[in-house]
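# Residue-level structure breakdown
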Amino acid sequence: MNGASRIVAVLGPTNTGKTHYAIERMLGHRTGVIGLPLRLLAREVYDKIVAIRGPSVVALVTGEERIVPPRTQYWVCTVEAMPEGMGTDFVAIDEIQLCADPERGHVFTDRLLRMRGTHETLFLGADTMRGPIAALVPQAQFVRRERMSQLVYTGSKKISRMPPRSAIVGFSVENVYAIAELLRRQKGGAAVVMGALSPRTRNAQVELYQNGEVDYLVATDAIGMGLNLDVNHVAFSSLSKFDGRRMRPLAPNELAQIAGRAGRGMSDGTFGVTGEASPLDEGVAQAIMDSRFTPMKKLNWRNAALRFGSVDALIDSLEASPDNEHLVKARPADDLNALKSLAQVPEVAARASDGPSIRLLWDVCRIPDFRGISHAEHANLLESIFGHLHERGTIPEDYLARQIRRIDRTDGDIDALSKRLAYIRTWTYVAQRNGWVRDESHWRAETRAVEDRVSDALHERLTQRFVDRRTSVLLRRLKQKEALLAEVNDKGEVTVEGEFVGRLEGFRFIPDKSAQGTEAKALKSASLQALAPQFHLRADRFYNAPDTEIDFTDQGGLMWGEYAVGKLVAGAEPLKPMVEVFVDEAAGPEVEQKVQRRLQHFIDRKIAALFEPLLNLSRDEELTGLAKGFAFRMVEALGILPRAGVAQEVKDLDQDARGALRKHGIRFGQFTIFMPLLLKPAPTRLRLVLWALANGLQEFPEAPPPGLVTVPVAKGAPEGYDTMCGYRNAGERSIRIDMLERLADMLRAEDSRGGFEAKADMLSITGMTLEQFADLMQGLGYKAERGERTKIKPAQPTEQPPAATAEAPAETAEAEAQSDVAVATEAPAEATDSTEAEAEATAADPASDEPEVEVFYTFTWGRQANRGPRGDQRQGRGKPGGKPRDGRGKPQGKKGGKPQGAKTFSSRPPKKEKAIDPDNPFAAALMGLKDGN
């Protein structure tokens, strides 16, 4: 060592600028080397020096990275990788207090004792090292540097109340991930920094924090080793750590090293505890704030004078004890344990038979156990590497390529990528050793490229899992009280500051469902604030939208396009429903009122258009007396009234009143009194909604499909549902009331007392089979008597001329006509052609002699209290048995004349005859009877 060399120990707490001072001193010399405790910190210092002097004169040497330009002047290294014997002008060792570390302390102690610069040597670290340095390096000078800002203990805080720009420290990977996940849900996310990360991943994560994308950092105690971050508060989630052998509590000086990351430069910082960590003892907290700690007395040491005569001699030299009271023998490190294991392998022992091979074995044993799987697994890997190097001088390229190819993947989760990153670090370290691979530059570049790819993938997964960018951005803007920019596309997707936050459905904001808990609340709060202008713009557009863009649903909902914007609620009258709007409270009362007015206008106009005849009826001031009362009943019933329910009111109406009501389109049918215009699909659909509202139904029944004459009876439907649909229940099916009236007109011509069969027209207008028609007639109050008979075959074509056929007896023509009717009664009109075709086919087959049997139904009025629907008693009143039947079972009426009946006599004076109701469907028949008398 040069006697003129200056040795200075720059000691003090964190945030004193020690590392910055060392960089300045090194750059003041022609050459220099600085040793740092972490490759992360080494990379950070390397980047700073490169920014000042350029990359051509700065080298970076760590276990896994080696950048050495030809004209290197300044070396930035991890302490373990510091080159020896170079004779640089300047040497600096950072974090010198790590001499007391159980795992790596012996390396720092070796540098303290043996590493010197030819002009200047600096030891940077905590003031607790003053005693050991003074004892071991008597010529050292001491410089005390004070902290540039205050550090204050703030006690315990919940993670949910952690202030922004905080770093939360955990001492295990599981603990770090759990905290980061909690921060993502509650605060929008956190960056993750651990010593096991590659510099590339670590720098990308730190950048998330430094540029403000997240306000929180979760880290291991790695951040205590000189990493410069803009941290205002440090919180410990635990006060103990696993040191490789056991769980032990952290010493006050270790806590201070980490807590000191808070408050950089002239900014004050705070520290405290969180999670399950108990509050710090008052004395410990005060010691950290005052930077007063118990001085170190013993430093870890391992013999540097190694003997390579044999493996046993090497082990003995490594296990030698120090001869200084300030030094203590370090516990066996991983490299020594690996050496002992391999020495027990016969093949390895045979190869390590001379000095160079033993030195090679020791170099292989110093490969760090990055993978951390198990001691045995690591030893097996080292054995394989040593075998290749001893036998061939280098590691085979195909073997190395296979190992790297297995790792070169970017799929999988965080754990899988972290394992691959640990694996590639082993081969990166191997590629950095001089002479271990043939093409060093290629394999160094290859392993570095794989590490970069895996590092980028790991950063991406960490960010995906622990950072919710949108929530963090929105929360930060809210705290800064900045106006948030919201955009809504044509699909209703809402983005705030470029981040998707949910959908705007009408005037209600639906947050993204992936957000939960506190995150969802924060997201909705920020989104609604940003959406305020959008609500007003959308309300203006809605207010001016045409009615064609708005519609109502069968359940009373009000839709604007595909979005629900309100619903109908019952009003004072069925035709005057009210509107309840679906508008977020954040939109404001002005938007709500505008939407409410527009929807009320829409439904009022819809009712006015579809129920115009009914509204005209209600506004007709010329209606008086019973007519006015009946009109009120019609309006109240939404235009459809079963006649049975208002029989007396109808009976009481005189001809003038009925005429006035008919002018409004009211039809007085046999079964129903209705307005035909209101039976169309659109009014029917709206009528059902208004009826359900007026009756307070919870679930609104839907209207039948339009255009059907009959539909199946809706089981369990509310009473009156069929009427509101414009149908009447009859048996298993319901028939549309206008078609029912047409059927009633046909039935008037039949003898309902003596019995009649269904005509083809009856089946045609109902679209039913004969069996279905029979069920319908029974539902209307008729009895249906089923019978079978021989089917009359149509007349066979003959060789007679057409004139002879025309002169066929009347009985034959009548039989053919009756046969046609019988065929028609078996199926609806649609099926007639096929039936006739079958008959023709049968007739054409001379071998078919068996008589065909057909089914028929005879219908008679079946109700006793009311023998028929107004007028069915006109025929056969004096004949309880009805008309006689012919041989084929068909009713046989008496040709001509009136039905014969017993004469009756009375001594009572004749009563004054009541005028015949012109609306009575049998009015013509009654007039004929009257005239016949």
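Residues numbered from 1 in each chain as written. Predicted model: local features only at pLDDT ≥ 70, side-chain atom pairs only at ≥ 80, totals over all residues. Heavy atoms only, no water.

## Some words on the overall build of the protein
Selection criterion: The helix and strand labels rest on DSSP assignments: H or I over at least four residues marks a helix, E over at least two residues marks a strand, and numbering proceeds from the N terminus. Buried means the residue's accessible area, taken with a 1.4 Å probe over protein chains only, is under 20% of the maximum for its type, while exposed means over 50%, and partly exposed covers the values in between. Note on contacts: a residue pair is in contact if any heavy atoms of the two residues lie within 4.5 Å. Areas reported here follow the Shrake-Rupley algorithm with a probe of radius 1.4 Å; residue values treat only the protein chains shown as occluding.
Looking only at helices and strands, one finds 32 helices and 34 strands in the protein. Within the protein, buried positions represent 48% of all 933 residues. Residue pairs at least 24 apart in sequence account for 69% of intrachain contacts in the protein once pairs closer than 6 positions are excluded. As displayed, the protein offers around 45,100 Å² of accessible surface, 50% of which is attributable to carbon and sulfur atoms.

## Topic: the packing of aromatic side chains
Operational definition: For Phe, Tyr and Trp, where Trp contributes only its six-membered ring, two rings pair if their centres lie within 6.5 Å, and the inter-plane angle classes them as stacked under 30 degrees, edge-to-face over 60, or tilted in between. A ring is scored as having a charge over it whenever the NZ atom of a lysine or the CZ atom of an arginine sits within 6 Å of its centre and within 35 degrees of its normal.
Applying the stated criterion across every chain, the model contains 13 aromatic pairs. On the basis of an interplanar angle of 15 degrees and a centroid distance of 6.3 Å, the ring pair of Tyr857 and Phe859 is categorised as stacked. There is no split in this pair, since Tyr857 and Phe859 are both buried. Cation over ring: Arg165 sits above Tyr209, and NZ or CZ is 3.9 Å from the ring centre. The ring of Phe552 has Arg685 lying over it, and the distance from NZ or CZ to the ring centre is 4.1 Å.

## Side note on the nonpolar core
Let me state the cut-off plainly: Note on terminology: a nonpolar core comprises buried Ala, Val, Leu, Ile, Met, Phe, Trp, Tyr and Cys residues joined through side-chain atoms within 4.5 Å.
Ranked by size, the top nonpolar core spans 66 residues in total, and within it Phe507, Leu575, Leu599, Leu617, Phe630 and Leu661 carry the most contacts. Apart from the residues lying within four places of it in its own chain, the contact partners of Leu575 are Ile607, Phe611, Leu614, Leu615, Val635, Leu638 and Leu690. If you look at the next biggest cluster of nonpolar residues, it comprises 61 residues, including Phe308, Leu360, Ile367 and Trp443.

## Describing the pattern of salt bridges
For clarity, the cut-off: Salt bridges are defined by distance alone: a side-chain nitrogen of Lys or Arg within 4 Å of a carboxyl oxygen of Asp or Glu.
Under the criterion given, the structure shown has 52 salt bridges. Taking the shortest distance from any N to any O, the salt bridge between Arg130 and Asp127 comes out at 3.7 Å. By relative accessible area, Asp127 is classed as partly exposed at 28%. One salt bridge in this structure joins Arg144 and Asp127, with 3.3 Å as the shortest N-O distance. Residue Arg144 is found in strand β8 (residues 141-144), and its partner Asp127 is found in the loop between β7 (120-125) and α4 (130-136); the two are separated by 17 residues along the sequence. It is possible to trace a salt-bridge network through shared partners that takes in Arg43, Asp47, Glu65, Arg200, Arg448, Asp452 and Asp456.

## Focus on the pairing of strand β13 (residues 233-236)
What counts is decided by this rule: For two strands to count as paired, DSSP must find a minimum of two bridges between them.
Across the two faces of β13 the burial is the same, with His233 and Ala235 and Val234 and Phe236 all buried. The pairing of β13 with strand β16 (residues 269-273) spans 4 bridges and is classified as parallel. Counted as the bridge partner of Phe236 is Val273 from β16.

## Thoughts on the sheet that holds β16
Hydrogen bonds along the backbone pair up the strands of a sheet, which may run parallel or antiparallel. Note the threshold: Angles shown run from 0 to 180 degrees and are taken between the N-to-C directions of axes, each axis being a line fitted to C-alpha atoms and, for helices, limited to the stretch in contact.
Taken together, the 6 strands give an open sheet; going across it, the order is β9-β16-β13-β10-β12-β11, and neighbouring strands pair in parallel fashion. The sheet is open, and its two borders are formed by β9 (151-156) and β11 (191-193), each paired with just one other strand. The average undirected angle you get between the axes of adjacent strands in this sheet is 20 degrees. Contacts between helix α7 (residues 252-259) and the sheet are confined to β9, β10 (166-169), β13 and β16, with β13 contributing the most and set at about 140 degrees to the helix. Against the sheet, helix α8 (residues 282-290) touches β9 and β16, its axis set at about 155 degrees to β9.

## A few points about the side chain of Arg302
This is how the line gets drawn: In protein, a polar contact means a hydrogen-donor-capable atom and an acceptor-capable atom, both N or O and within 3.5 Å, with residues adjacent in sequence counting only if both atoms are side-chain atoms; elsewhere, any N or O pair within 3.5 Å suffices.
With respect to the secondary-structure elements, Arg302 resides in the loop between β17 (299-301) and α9 (311-318). Within polar-contact distance, the side chain of Arg302 engages the side chain of Asp335 at 3.0 Å. With residues near it in sequence (within four places) discarded, Arg302 still touches His106, Leu318, Ala333, Asp335, Leu336 and Trp362.

## Describing unusual backbone geometry
Of note, the phi angle at Asn15 is positive, near 60 degrees, even though the residue is not glycine. By the element assignment, Asn15 lies in the loop between β1 (6-11) and α1 (18-27). Of the residues examined, Asn15 reaches a relative accessible area of 4% and is grouped as buried. Phi is positive for Leu638, close to 60 degrees, though the residue is something other than glycine. One can find Leu638 in the loop between α21 (625-636) and β27 (640-642).

## As for the sheet that holds strand β25 (residues 563-569)
Taken in spatial order, the 4 strands of this open sheet run β23-β24-β25-β26, and their pairing is antiparallel. Edge positions in the sheet fall to β23 (550-552) and β26 (578-581), since each of these pairs with one other strand and no more. Shown here is a sheet whose adjacent strand axes are inclined to one another by a mean of 30 degrees, direction ignored. Pairing analysis gives 4 bridges linking β25 to β26, with the strands arranged antiparallel. In the sheet register, Val569 faces β26, and the bridge partner there is Met578. In this fold helix α19 (residues 589-610) packs onto β23, β24 (557-560), β25 and β26, with an angle of close to 145 degrees to the strand it touches most, β26. Where helix α24 (residues 681-694) meets the sheet, it contacts β23 and β25, and its direction lies at approximately 60 degrees from that of β23.

## Considering the packing of helix α14 (residues 397-407) against helix α16 (residues 440-466)
Here is the rule we go by: When an angle is under 35 degrees it counts as roughly parallel; over 145 it counts as roughly antiparallel; between 65 and 115 it counts as roughly perpendicular; any other value is oblique. For this classification, the nonpolar set comprises Ala, Val, Leu, Ile, Met, Phe, Trp, Tyr, Cys and Pro, the charged set comprises Asp, Glu, Lys and Arg, and every other residue, Gly included, is treated as polar.
Where α14 contacts α16, the two axes come as close as 10 Å, and the packing angle between them is 10 degrees. The pairing of α14 with α16 is recorded here as roughly parallel in orientation. On α16, the residues that touch Glu397, Leu400, Ala401, Ile404 and Ile407 of α14 are Trp443, Glu446, Thr447, Val450 and Val454. For the contact of α14 with α16, a count of residues per class yields 7 nonpolar, 1 polar and 2 charged.

## Brief notes about the environment of Ala196
With respect to the helices and strands, the residue Ala196 is situated in the loop between β11 and α6 (199-210). Taking the relative accessible area as the measure of exposure, Ala196 reaches 53% and is therefore exposed. In this structure, the C-alpha to C-alpha distance between Ala196 and Arg425, residues 229 residues apart in sequence, is 10.0 Å. Ignoring sequence-local partners within four residues, the contact set of Ala196 consists of Leu421 and Arg425.

## Comments concerning α19
For the record, the criterion: Take the residue count of a helix, subtract one, and multiply by 1.5 Å to get its expected span.
The end-to-end C-alpha distance of α19 is 32 Å, a good match for the 32 Å that 22 residues give at a rise of 1.5 Å each. For α19, the full list of buried residues reads Val591, Lys594, Val595, Arg598, Leu599, Gln600, Phe602, Ile603 and Ile607.

## Looking at the confidence of the model for the protein
Put simply, the rule is: pLDDT is a per-residue confidence score from the predictor, ranging from 0 to 100.
Across the protein, the average pLDDT comes to 83, with 82% of residues at 70 or higher. By mean pLDDT, the top-scoring element of the protein is strand β6 (residues 90-93) (97), and the lowest-scoring one is helix α30 (residues 810-826) (35). Note that pLDDT drops below 50 for residues 800-844; the model gives that stretch 38 contacts with residues more than four away or on any other chain. Under a pLDDT of 50 for its full length, residues 864-912 has, in the predicted model, 66 contacts with residues more than four places off or in other chains.

## Quick word on α6
The terminal C-alpha atoms of α6, which comprises 12 residues, lie 16 Å apart, in line with the 16 Å expected from a rise of 1.5 Å per residue. Of the residues making up α6, those classed as buried are Pro199, Thr201, Arg202, Gln205, Val206, Leu208 and Tyr209. Following α6 by one or two positions, Gly212 has its phi on the positive side, about 85 degrees.

## Some thoughts on the environment of Ser734
Take Ser734: it is sitting in strand β32 (residues 733-736). Residues Ser734 and Thr710, 24 residues apart in the sequence, show an inter-C-alpha distance of 5.3 Å. Apart from the residues within four sequence positions on either side, Ser734 is in contact with Val709, Thr710, Val711, Val713, Tyr727, Arg728 and Asn729. A polar contact of 2.4 Å, which involves the side chain of Ser734, links it to the side chain of Asn729.

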